[in-house]
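Spelled out from the first residue to the last, the chains are:
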Amino acid sequence: MQVAATLPATGVHFFPTRRASFKCNGYSSPLKPITRASSINAQSLKTIAPVTTTTEMTKKHLSNLEKLLQKEAKPEPVIQKQGKTGENRGKQGNKTEENRGRNLLEGLNLSRIWPEMKAAEEMSPRHLIRLHRMLSSKSMEYSPRNNLGSRWKEYHGCKDWLGLLDPLDENLRRELVRYGEFIQAAYHCFHSDPATSANDNAHVARDVSLPDRSYKVTKSLYATSSIGLPKWVDDVAPDLGWMTQRSSWIGYVAVCDNKAEIQRMGRRDIVIALRGTATCLEWGENLRDVLVQMPGENELVDAQPKVECGFLSLYKAGGAKIPSLAESVVNEVKRLIEMYKGEALSITVTGHSLGAALALLVADDISTCSPNAPPVAVFSFGGPRVGNKGFANRLESKNVKVLRIVNKQDVITKVPGMFVSEAIDKKLRDTGASGVLNLLDNSMPWAYSHVGTELRVDTTKSPFLKPDADVACCHDLEAYLHLVDGYLGSNESFRPNAKRSLAKLLNEQGANIKKLYKGKDLSSLNLNREFSFPRPSCLPSPSVLPSPSS
């Protein structure tokens with residue numbers, strides 16, 4: 001960036017380097033480019049005692065500084081003299097002018113001019129230039145999409161992701177973000193057409209805009225609530241009839257059919273993607289948080305598996321002409337296993353919020369739906385507790401691998417249930433209190449327990465999000481993917497060249513972005529195709545809830 005080309009260089013050395021404010025007699029502010037730099041007389045520049053800067057002048061200074069730092073100035077033509085001596089003298093002169101201009105900017109104490117900034121370092125020219133580079137698409141990189149080959153089972157969880165989480169393996173990071181984008185596609189598809197007619201054919205797959213063109217959708221999935229709202233609600237708000245419908249499109253089954261991608265992954269992958277809560281009746285089911293016995297279990301057996309009543313209802317209930325989620329997903333997985341018999345297969349179930357809870361119920365069923373069932377792994381984002389310790393043991397006995405991505409500030413991951421921390425529960429069981437806790441698991445209606453391995457991210461690690469971001473932001477799927485993409489390790493800082501740009505985060509959670517980044521021009525960013533999905537006016541999912549302060 002040619003700073004010197006737009007700043008007066010003559011007499012720059014007369015400015016004190018640590019002055020908070022200054023005055024130029026007879027001339028414009030030094031932050032405003034002066035075209036006739038040669039007319040400035042060094043003796044006419046006179047420093048004075050610091051004075052209070054008006055709001056208008058502050059805005060003017062900052063506006064001019066913004067233009068200087070974000071817009072490359074056109075270099076002035078250099079008059080080349082004959083011979084090598086003149087050429088060298090011209091280059092040396094340009095370098096001197098650039099250094100003088102840089103010294104002027106570094107000498108400004110902008111924290112005094114702009115009192116809203118808590119730290120002068122955040123608004124220093126050096127950091128603003130770094131910010132411009134961070135927002136530039138050229139400096140952002142995906143984690144490499146390497147060939148997984150013979151290690152695909154390890155990335156699929158056969159060893160519970162041992163040695164891959166802290167620090168986070170770059171290949172696993174890329175896979176997690178990719179599966180999270182499958183969930184985003186489910187959200188977008190639902191919002192584009194939330195209504196479900198009683199005559200809808202559940203066997204016809206919806207047109208889902210998948211983020212990975214190597215996959216094709218083979219089945220649409222519907223969830224049905226066992227509760228309903230009074231009919232008069234439809235009469236009062238006929239245009240919002242979809243809010244009272246019992247059955248709603250909740251996700252899809254997709255299979256990889258690209259030979260190159262199958263070779264890269266080391267197997268043919270079947271993906272089941274499930275969105276989070278989006279309708280009134282689904283919210284109602286979420287509140288039915290009492291543990292109930294799973295169908296087919298003997299209640300006389302100790303440590304019997306139990307799951308939340310509302311989740312089980314959405315999974316098992318069916319509509320008049322629409323099969324239950326359980327029936328649809330099991331039948332489709334059986335069909336695909338038979339179709340690709342003899343190939344290396346894997347099943348990946350991924351979901352966010354309510355979808356993460358249903359993903360565990362799906363994995364429980366499909367892991368034993370066929371004698372030749374392939375390995376099943378669950379990648380859940382912001383998932384609540386689903387069942388008790390008996391349910392967790394049941395999944396473990398079926399060799400279902402679960403990786404829970406949890407935001408430290410996300411309260412949804414801490415409910416429902418009596419125990420706030422799984423670490424405390426484990427410590428109590430290890431100290432000999434397991435008998436008492438098992439008794440509570442069988443008798444208490446809120447004795448919940450998490451399942452699988454945890455990858456914990458932290459909102460405060462992001463350089464873009466406010467440390468006190470609201471509840472909706474901490475549970476937002478895009479915020480989750482942003483944090484995962486920048487995660488290096490529990491003791492590491494945020495990855496500086498993470499691909500998921502500030503532009504998409506602003507679109508989802510603008511109220512929770514640090515003030516430093518809000519006014520920047522993002523038009524130069526190279527947004528990916530999936531960034532531009534339309535958002536129709538309908539009841540938002542938890543992924544796009546507005547901030548209470550907005």
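Residues numbered from 1 in each chain as written. Predicted model: local features only at pLDDT ≥ 70, side-chain atom pairs only at ≥ 80, totals over all residues. Heavy atoms only, no water.

A. Structural detail: the overall build of the protein. Scanning the protein from terminus to terminus reveals 18 helices and 9 strands. When each of the 550 residues of the protein is scored for burial, the buried share is 50%. Expressed as a percentage of contacts within the protein between residues at least 6 apart in sequence, the contacts between residues at least 24 apart total 78%. For the protein, the accessible surface area stands at approximately 27000 Å², while carbon and sulfur atoms represent 52% of it. (Helix = DSSP H or I, 4+ residues; strand = E, 2+ residues; numbered from the N terminus. Buried < 20%, exposed > 50% of the residue type's maximum accessible area, 1.4 Å probe, protein only. Contact = heavy atoms within 4.5 Å. Areas by Shrake-Rupley, 256 points an atom, 1.4 Å probe, with all protein chains shown as cover.)

B. Representation of the sheet that holds strand β2 (residues 247–256). Pairing is mixed in the open sheet, where 7 strands are placed in the order β1-β2-β3-β6-β7-β8-β9. Two strands close off the open sheet at either side, each with one partner strand: β1 (215–224) and β9 (453–457). Geometrically, the sheet is characterised by an average inter-axis angle of 20 degrees between neighbouring strands, direction not taken into account. Of the pairings in the sheet, the one linking strand β7 (residues 376–381) to strand β8 (residues 401–407) comprises 5 bridges and is parallel in character. In the sheet register, F381 faces β8, and the bridge partner there is I405. The sheet strands contacting helix α6 (residues 170–192) are β1, β2, β3 (268–274), β6 (345–352), β7, β8 and β9, and the helix crosses β2 at an angle near 140 degrees. Packed on one face of the sheet, helix α12 (residues 354–366) meets β2, β3, β6, β7 and β8 and runs near 155 degrees to β6. (Pairing = 2+ DSSP bridges. Axes fitted to C-alpha atoms, helices over the stretch in contact; angles between N-to-C directions.)

C. Quick look at the state of the cysteines. Scanning all chains against the criterion turns up 0 disulfides. Sulfur of C473: no disulfide; nearest cysteine sulfur belongs to C474 and is 5.5 Å away. (Disulfide = S-S within 2.5 Å.)

D. Spotlight on the packing of α12 against helix α13 (residues 389–397). The geometry of α12 relative to α13 is characterised by a closest axis approach of 10 Å and an angle of 45 degrees between their N-to-C directions. As far as their axial angle goes, α13 and α12 are oblique. For α12 against α13, the interelement crossing comes out left-handed. Residues L360, L361 and D364 of α12 pack against F391, R394 and L395 of α13. (Parallel < 35°, antiparallel > 145°, perpendicular 65-115°, else oblique. Left-handed = near helix turned anticlockwise from the far one by under 90°.)

E. The arrangement of the packing of aromatic side chains in detail. Within the structure shown, the criterion is met by 5 aromatic pairs. Measuring from centroid to centroid gives 6.4 Å for W249 and Y252, while their planes differ by 20 degrees, and the two rings are stacked. Of the two residues examined, W249 and Y252, each falls in the buried class. An aromatic cluster is present here, built from W161, Y179, F182, Y215 and F379 joined pairwise through their rings. (Phe/Tyr/Trp six-rings, centres within 6.5 Å; stacked < 30°, edge-to-face > 60°.)

F. Representation of the pattern of salt bridges. In total, this model carries 18 salt bridges according to the counting rule given. With a shortest N-O distance of 3.4 Å, K401 and D160 are connected by a salt bridge. You can see K401 sitting in strand β8 and its partner D160 sitting in the loop between α5 (152–155) and α6, a full 241 residues away along the chain. The class of K401 is buried, set by a relative accessible area of 15%. The salt bridge involving R335 is made with E332; its shortest N-O contact spans 2.7 Å. With R335 and E332 both in helix α11 (residues 325–339), this residue pair falls 3 residues apart, about one helical turn. According to the relative accessible area criterion, R335 is partly exposed, its value standing at 39%. One network of salt bridges, in which partners are shared, links E175, R178, D212, E261 and R264. (Salt bridge = Lys/Arg side-chain N within 4 Å of Asp/Glu carboxyl O.)

G. Representation of unusual backbone geometry. A cis amide bond links D166 with the next residue in sequence, P167, at an omega value of 5 degrees. Structurally, the position occupied by P167 is in the loop between α5 and α6. For the peptide bond that leads from V415 to P416, omega is -15 degrees, which places it in the cis range. Here P416 lies in the loop between β8 and α14 (422–443). Residues other than glycine seldom take positive phi values, yet S353 does so here, at roughly 60 degrees. Relative to the helices and strands, S353 is located in the loop between β6 and α12.

Just geometry here; none of it tells us what the structure is for.
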